[in-house]
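Breakdown of the fold
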2 protein chains.
Amino acid sequence: MDTLAFDRHDHRSCIAAGVAQAEAQCASAGLQFTPVRRRVLEILLAGHRAMGAYDILEVLREEGLGSQPPVAYRALDFLVSNGFAHKIERLNAFVACSHMTEDHAPAFLICRACGSVAEAEIRLERGRLGEAAAQAGFTIERTVVEAEGLCPNCAEGRGA
Amino acid sequence: MDTLAFDRHDHRSCIAAGVAQAEAQCASAGLQFTPVRRRVLEILLAGHRAMGAYDILEVLREEGLGSQPPVAYRALDFLVSNGFAHKIERLNAFVACSHMTEDHAPAFLICRACGSVAEAEIRLERGRLGEAAAQAGFTIERTVVEAEGLCPNCAEGRGA
DNA sequence: GTTGCGATGAAATAACGTAACATCTATATC
DNA sequence: GATATAGATGTTACGTTATTTCATCGCAAC
Ligand SMILES: [Zn+2]
Ligand SMILES: [Zn+2]
Ligand SMILES: [Zn+2]
Ligand SMILES: [Zn+2]
């Protein structure tokens, strides 16, 4: 496991790598990595935390890239559909993907104190849920796996 | 496993048992199982599907049990807080609990075609996510586990 | 050059959720 | 029984999240 996000790391490379990955994948898939889409991804990559669509929209507005909700939602839809970002259902908010290369079923660790969100791989959910689904004859197409709690940094000082 | 919901079963007993369970637990815990709370639980128990707060409110309104959003949300908060119902984050909606007796971390199978929602036990999420969290030093307090796909009934005719 | 398609701009509205405050009701205590 | 208390409800107003719809633009294919 390489659950970064809570660990100290070279965050500048997170951003650069994320944008580069997305750009490359769009090029090879014939997708348009437009200025708004790029900028939204950058905004998400700026921090390992979930941002609401309206938070993002506010930034776009300040920069003259758009002012109405659909601008943000459309860019986010694009990023999510193509695996460059994920929606955190628990928070009605979005994060940049941390594993853009591989096709994956994401799982998230959400710190309720500092708002950090770490993405963990969770190979096809082969655990209890997979068993239960198989036994019930249920075909899983998509999973939402989100754990809320305290990250190591916040667990020390306060919280728990 | 006893993932009902998709299976044919005596649904009348689901409702009766659910209400009885909630009533008993409220009595023994000194909680007030008021008419609105009871009715909202009944509404949820009426089908193994998620209902939005406003859908529920509409029913309450028709029956003269309340007309403003807080009425529905308060009853739902009560039911969720006390383990009689769960929120499906993916749908911003609510379902009655299927395992009211035990203290449990719920997981859900959501059919995108018919809207049925089955609840599966998922003992403290000791799978991949638990490992990842432990390794990262993250303390899990609450989990959201929701799988979306096709239930056995819907998988036959259409969908997939 | 025109046709077609995907991306944007913009207005309006829908859907989901909460804050705040007044009022009422059921106990518990005296 | 009167009174104090805590919890439940009624109501207004508002805040947040998300979508529908239609017009316009830019670019590439034909
Ligand atoms: Zn980083
Ligand atoms: Zn990811
Ligand atoms: Zn049933
Ligand atoms: Zn349950």
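Refer to the structure above for everything that follows.
Structure report, in brief. (Residues numbered from 1 in each chain as written. Chains lettered and ligands numbered in written order. Predicted model: local features only at pLDDT ≥ 70, side-chain atom pairs only at ≥ 80, totals over all residues. Heavy atoms only, no water.)

**Remarks on unusual backbone geometry**
Residue and element names in this part refer to chain A. The following threshold applies: Elements are defined by DSSP. Helices are runs of H or I of four residues or more, strands are runs of E of two residues or more, and each kind is numbered from the N terminus. Exposure is judged per residue with a 1.4 Å probe applied to protein chains only, and the accessible area is read against the type maximum: over 50% gives exposed, under 20% gives buried, and values in between give partly exposed.
In this model, N92 sits at a positive phi of 50°, which is unusual for a non-glycine residue. Examined against the element boundaries, N92 turns out to sit in the loop between β1 (85-88) and β2 (93-96). The partly exposed category is assigned to N92, whose relative accessible area is 41%.

**Some thoughts on the interface of chain A and chain B**
For the record, the criterion: When checking whether two residues touch, look at their non-hydrogen atoms; a contact exists if any pair is within 4.5 Å. Reported buried area values correspond to the accessible surface (1.4 Å probe) lost by two parts on association, with both partners' losses combined. Salt bridge, as applied in this entry: a Lys or Arg side-chain nitrogen positioned within 4 Å of an Asp or Glu carboxyl oxygen. Under the rule applied, a polar contact is a pair of N or O atoms within 3.5 Å (in protein, one hydrogen donor and one hydrogen acceptor; residues adjacent in sequence only if both atoms are side-chain atoms).
Each partner contributes to the interface: chain A provides 35 residues, whereas chain B provides 36 residues. Interface area for chain A against chain B, summed over the two sides, is near 3,100 Å², with a carbon-plus-sulfur share of 62%. Joining chain A to chain B, the criterion identifies 4 salt bridges. The salt bridge involving R90 of chain B is made with E89 of chain A; its shortest N-O contact spans 3.1 Å. Scanning the region where chain A abuts chain B turns up 12 residue pairs in polar contact (both at pLDDT 80 or more). Every element with two or more residues in the side of chain A that touches chain B is listed here: β3 (106-111), α5 (128-136) and β5 (139-150) of chain A. With 12 residues, β5 of chain A is the single largest residue contributor to the side of chain A that touches chain B.

**Things to note about the coordination of the zinc ion (ligand 4)**
Tetrahedral metal sites with four donors have an ideal angle of 109.5 degrees; octahedral sites with six donors have ideal angles of 90 or 180 degrees. All names here are of chain B. For clarity, the threshold we go by: As a rule, N, O and S atoms within 2.8 Å of a metal are its donors, except that Na, K and Ca use 3.2 Å; water is not among the atoms, so sites may look incomplete. Key to geometry: four donors with every angle between 85 and 135 degrees are tetrahedral; four donors are square planar and six octahedral where opposite donors lie over 155 degrees apart and all remaining angles lie between 65 and 115; all other sites are irregular.
H86 (NE2), C97 (SG), H104 (NE2) and E119 (OE) make up the full set of protein donors to the zinc ion (ligand 4), lying at 1.8 to 2.2 Å. Considering all 4 donor atoms around the zinc ion (ligand 4), angles at the metal cover 95 to 132° and the coordination shape is tetrahedral. Of note, the donors binding the zinc ion (ligand 4) are all from one chain and are spaced H-x10-C-x6-H-x14-E. Taken together, the residues span a long stretch of sequence, with C97 in the loop between β2 (93-96) and β3 (106-111) and E119 in strand β4 (residues 117-121) at a distance of 22 residues. When sorted by exposure, C97 lands in the same class as E119, which is buried.

**Notes on the packing of aromatic side chains**
To keep it simple, the criterion reads: When two rings of Phe, Tyr or Trp (its six-membered ring) have centres within 6.5 Å they constitute a pair, described as stacked for plane angles under 30 degrees, edge-to-face for angles over 60, and tilted for the intermediate range. Lysine NZ or arginine CZ positioned within 6 Å of the ring centre and within 35 degrees of the ring normal marks a charge as sitting over the ring.
Scanning all chains against the criterion turns up 6 aromatic pairs over all chains. Relative to F84 of chain A, the ring of F78 of chain A lies with its centre 6.3 Å away and its plane at 50°, an arrangement referred to as tilted. Accessibility assignment for this pair places F78 of chain A and F84 of chain A in one class, buried. When the ring of Y54 of chain B is compared with that of Y73 of chain B, the centres are 6.2 Å apart and the planes differ by 75°; the resulting orientation is edge-to-face. Of this pair, Y54 of chain B sits in helix α3 (residues 53-62) while Y73 of chain B sits in helix α4 (residues 69-81), and the two are 19 residues apart along the sequence. Above the ring of F78 of chain A, the side-chain terminus of R37 of chain A is found at 3.9 Å from the ring centroid.

Such coordinate-based values are descriptive only and should not be taken to indicate function.
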